[in-house]
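Reading the structure
Spelled out from the first residue to the last, the chains are:
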Amino acid sequence: MRVLVSGSEGYIGSVLAPTLLQAGHDVVGLDTGFHRCAWLYNAVPMAPLWICRDARDVTVEHLRGFDAVIHLADLSNDPLGDFDRSLTFEINHQATVAMAEKAKAAGVPRFVYSSSCSVYGASGATDAWSTEDSPTAPLTAYAECKVLVENDLRALADDSFSPVYLRNATAFGASPRLRFDLVVNELVGLAVTTSELRLASDGTPWRPFVHVRDISKAMRCAIEAPRDAVHDRTFNVGDTSANYQIRDVAEAIREVVPGCEITYGDSSGDARNYRADFTRIAKELPGFSCEYDLRRGVEELYDVFRQVGLEEETLHARQHRRLKQMTYLRDTGQVDDRFRWLVHPT
Ligand SMILES: NC(=O)c1ccc[n+]([C@@H]2O[C@H](COP(=O)([O-])OP(=O)(O)OC[C@H]3O[C@@H](n4cnc5c(N)ncnc54)[C@H](O)[C@@H]3O)[C@@H](O)[C@H]2O)c1
């Protein structure tokens, strides 16, 4: 299949694009390059053809001839999303829906949207486990956009156009372009560089986790599946056994990384608290099952961090943290207040 991956230079895209190439797909990546400098290591055996473009400027012509679009281009976490709400809605909601409309006009039959389990917000404060049919409870502009996009894409679904909504759990695991603003990656990094696992909360909030390679696998399955299996459908992406309280994540890391201590924040440190049910994807997305549990992912991160000689400075560097990097690009006049390039890095 000929596949366009938007956001191909991000944490997930840097794993997804080679995954698709290895599976024999013809891949074109599209990215404006906000996080191009986020390399922690060079391990990409295959790179896609590449278009440097802002998702807001994509035209119908750019999208002609593709069998599927996988859309990852976003301001991609809660703190960055709250940095400028109107900009978040412009990129994450409006530009995404416009991209889908143009894909449909270009005759692209399938559009895979990278949504998030963060649409469930604080629902874990009750005993309920969130399924795809549970009410959403977004807590941030980022999560609100995920809900809005899913609803708007649903209105585009018809015989010629099949949107698929993949609600990913919180990602973790090694990617050549690593993010340290993801809780598991950050905690393993802290354990390796400081021997202290500093939690923002008291460790009680629940979150589901999924390895970045399993997210990529779900996306591959979503483009390869028969249309009826995925047309206009929502899937939580992860495994029901991988819902953890943050303190259990810290304990798992302590078992892998010798000699580290856990310290706890106050209970208000993290409002996100939800458990998700992943029965549907295991039963109904052909070919999908998770291959990485938390322990395997932590061991892999530990190996990678030792191999690259990870230092505390790198752990906190702007290149690996979305809000810091975008603030830096704006404060140094490289992008304007709409995150448009003033000095383009090509
Ligand atoms: N990482 C997670 O835990 C997680 C969980 C659930 C959902 N998701 C979603 O998956 C997607 C990818 O996440 P990620 O962790 O790889 O994020 P990321 O920030 O690492 O990558 C996003 C990429 O999109 C690009 N981008 C942003 N705005 C753009 C624009 N206007 N035009 C073109 N390119 C643009 C950036 O340059 C970056 O390379 C996002 O939609 C995110 O919301 C991520």
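Position numbers for residues count from 1 along each chain, tracking the sequence in the order it is written. Side-chain atom pairs in this predicted model are given and counted only at pLDDT of 80 or more, local residue features only at pLDDT of at least 70, and totals for whole chains, interfaces and linings cover all residues. To get the side-chain values, take all heavy atoms of the structure and skip hydrogens and water.

A few points about the overall build of the protein
The test is simple: Secondary structure elements are taken from DSSP: a helix is a run of H or I of four residues or more, a strand is a run of E of two residues or more, and numbering for both begins at the N terminus. The reference for a compact globule is 2.2 Å times residues^0.38; the radius of gyration itself is calculated from the C-alpha atoms. Each residue gets one of three labels from its accessible area relative to the maximum for its type: buried under 20%, exposed over 50%, partly exposed in between, using a 1.4 Å probe on protein chains only. Whether two residues touch is decided by their heavy atoms; if any such pair falls within 4.5 Å, the residues are in contact. Only the protein chains shown count as cover for residues, with accessible areas throughout obtained via the Shrake-Rupley method and a probe of 1.4 Å. The charge count includes Lys and Arg as positive and Asp and Glu as negative, but it does not include His or the ends of the chains. Just so you know, the charge point we use is NZ for Lys, CZ for Arg, CG for Asp and CD for Glu.
Within the protein one finds 13 helices and 12 strands. Over its C-alpha atoms the protein spans a radius of gyration of 19 Å, differing by no more than 12% from the 20 Å that the globule rule assigns to 346 residues. Across its three principal directions, the C-alpha atoms of the protein cover 55 × 45 × 40 Å. A total of 346 residues make up the protein; the buried ones form 56% of that total. Considering only contacts in the protein between residues 6 or more positions apart, those separated by 24 or more positions represent 82%. As presented, the protein carries roughly 13400 Å² of accessible surface, and 48% of it is formed by carbon and sulfur atoms. In the protein, 37 side chains carry a positive charge and 49 a negative one; their mean positions are 3 Å apart.

As for the nonpolar core
What counts is decided by this rule: Side-chain atoms within 4.5 Å link the members of a nonpolar core, which is a set of buried Ala, Val, Leu, Ile, Met, Phe, Trp, Tyr and Cys residues.
In terms of nonpolar packing, the biggest core is built from 73 residues, with Ile70, Leu166, Val184, Met219, Ile253 and Phe305 touching the most fellow members. When residues of this core are assigned to their parent elements, the largest contribution, seven residues, is made by helix 7 (residues 212-224). Apart from residues lying up to four places away in sequence, Leu166 is in contact with Val112, Tyr113, Ser114, Ser115, Ser116, Ala218, Met219, Ala222, Phe235 and Val237.

Here we look at the sheet that holds strand 11 (residues 243-245)
For clarity, the cut-off: Any two strands with at least two DSSP-identified bridges between them are counted as paired. Axis definition: a line fit to C-alpha positions, over the contact stretch in the case of helices; interaxial angles, taken between N-to-C directions, run 0 to 180 degrees.
Pairing in this open sheet of three strands is mixed, and the strands run 7-9-11 from one edge to the other. What marks the edges here is a single partner per strand, and that holds for strand 7 (170-172) and strand 11. When strand polarity is set aside, the average angle formed by the axes of neighbouring strands in this sheet is 50 degrees. Bridge count between strand 9 (residues 206-211) and strand 11: three bridges; the pairing is antiparallel. Looking at strand 11, one finds that Pro208 is bridged to Asn243.

Re the site of the ligand
Formally: We call a residue near a molecule or strand as soon as one heavy atom of that residue lies within 4 Å of the molecule or strand. Whenever two N or O atoms come within 3.5 Å, that pair is a polar contact, provided that in protein one can donate a hydrogen and the other can accept it, and provided that, for residues adjacent in sequence, both atoms are side-chain atoms. The residue classification treats Ala, Val, Leu, Ile, Met, Phe, Trp, Tyr, Cys and Pro as nonpolar and Asp, Glu, Lys and Arg as charged. All others, Gly included, are polar.
Taken together, the neighbourhood of the ligand is formed by 30 residues, with Asp31, Ala55, Ser76, Tyr142 and Arg179 sitting nearest. Between the ligand and Asp31, the relevant distance is 2.7 Å, taken from an oxygen atom to a side-chain nitrogen or oxygen of the residue. Out of a free accessible area of 830 Å², the ligand has 98% covered by protein chains. For the shell around the ligand, the elements supplying multiple residues, two or more each, are strand 5 (110-116), helix 5 (141-154) and strand 7. Here the shell around the ligand gets three residues from one element, more than from any other, and that element is strand 5. Looking at the shell around the ligand, its residues break down into 11 nonpolar, 11 polar and eight charged.

Remarks on the pairing of strand 9
Across the six residues that make up strand 9, a large majority, five, are buried. Where strand 7 lies against strand 9, three bridges are found, and the strand directions are parallel. By the bridge assignment, Phe172 is partnered in strand 9 with His211.

With respect to the state of the cysteines
Where we set the bar: The disulfide criterion used throughout: a pair of cysteine sulfur atoms within 2.5 Å.
The tally for this structure, following the rule as stated, stands at zero disulfides. Note on Cys117: no disulfide assigned, nearest cysteine sulfur contributed by Cys290 at a separation of 11 Å. Cys117 sits in the buried class, given a relative accessible area of 0%. Of all cysteine sulfurs, the one in Cys221 lies closest to Cys290, which takes part in no disulfide; the gap is 10 Å.

Here we look at the packing of helix 6 (residues 183-194) against helix 9 (residues 246-256)
Helix packing geometry: the angle between the two helix axes and the distance between the axes. We apply this condition: The cut-offs work like this: below 35 degrees is roughly parallel, past 145 is roughly antiparallel, 65 to 115 is roughly perpendicular, and the gaps in between are oblique. When the near helix sits turned anticlockwise from the far one by under a right angle, the crossing is termed left-handed; a clockwise turn instead gives a right-handed crossing.
In the contact formed by helix 6 and helix 9, the axes pass within 10 Å of each other and the chain directions differ by 40 degrees. Our classification of the angle between helix 6 and helix 9 gives oblique. Crossing angle aside, the handedness with which helix 6 passes helix 9 is right-handed. When helix 6 is examined against helix 9, the residues Val183, Val184, Leu187, Val188 and Ala191 are found in contact with a partner set consisting of Ile246, Val249 and Ile253. Taken together, the residues that form the contact of helix 6 with helix 9 break down as eight nonpolar, no polar and no charged.

Topic: the sheet that holds strand 3 (residues 49-52)
Through backbone hydrogen bonds, the strands of a sheet pair up, either in parallel or in antiparallel fashion. The sheet built from seven strands is open, its strands ordered 3-2-1-4-5-6-10 with parallel pairing. Each end of this open sheet is capped by a strand with a single partner; those strands are strand 3 and strand 10 (233-237). Each neighbouring strand pair of the sheet contributes to a mean axis angle of 20 degrees, computed without reference to strand direction. In terms of strand pairing, strand 2 (residues 26-31) meets strand 3 through four bridges, oriented parallel. Residue pairing in the sheet places Asp31 in a bridge with Cys52 of strand 3.

Some words on the pairing of strand 5
Along any regular strand, the residues point their side chains to alternate faces of the sheet. The buried fraction of strand 5 is high, at seven of seven residues. Side chains Arg110, Val112, Ser114 and Ser116 project from strand 5 onto one buried face, and the interleaved Phe111, Tyr113 and Ser115 project onto a second face that is buried too. Relative to strand 6 (residues 162-168), strand 5 runs parallel, the two being bridged by seven bridges. Bridge pairing links Tyr113 to Tyr165 in strand 6.

Let's talk about unusual backbone geometry
Despite not being glycine, Ser195 has its phi angle at roughly 65 degrees, a positive value. Mapped onto the elements of the fold, Ser195 is located in the loop between helix 6 and strand 8 (196-198).

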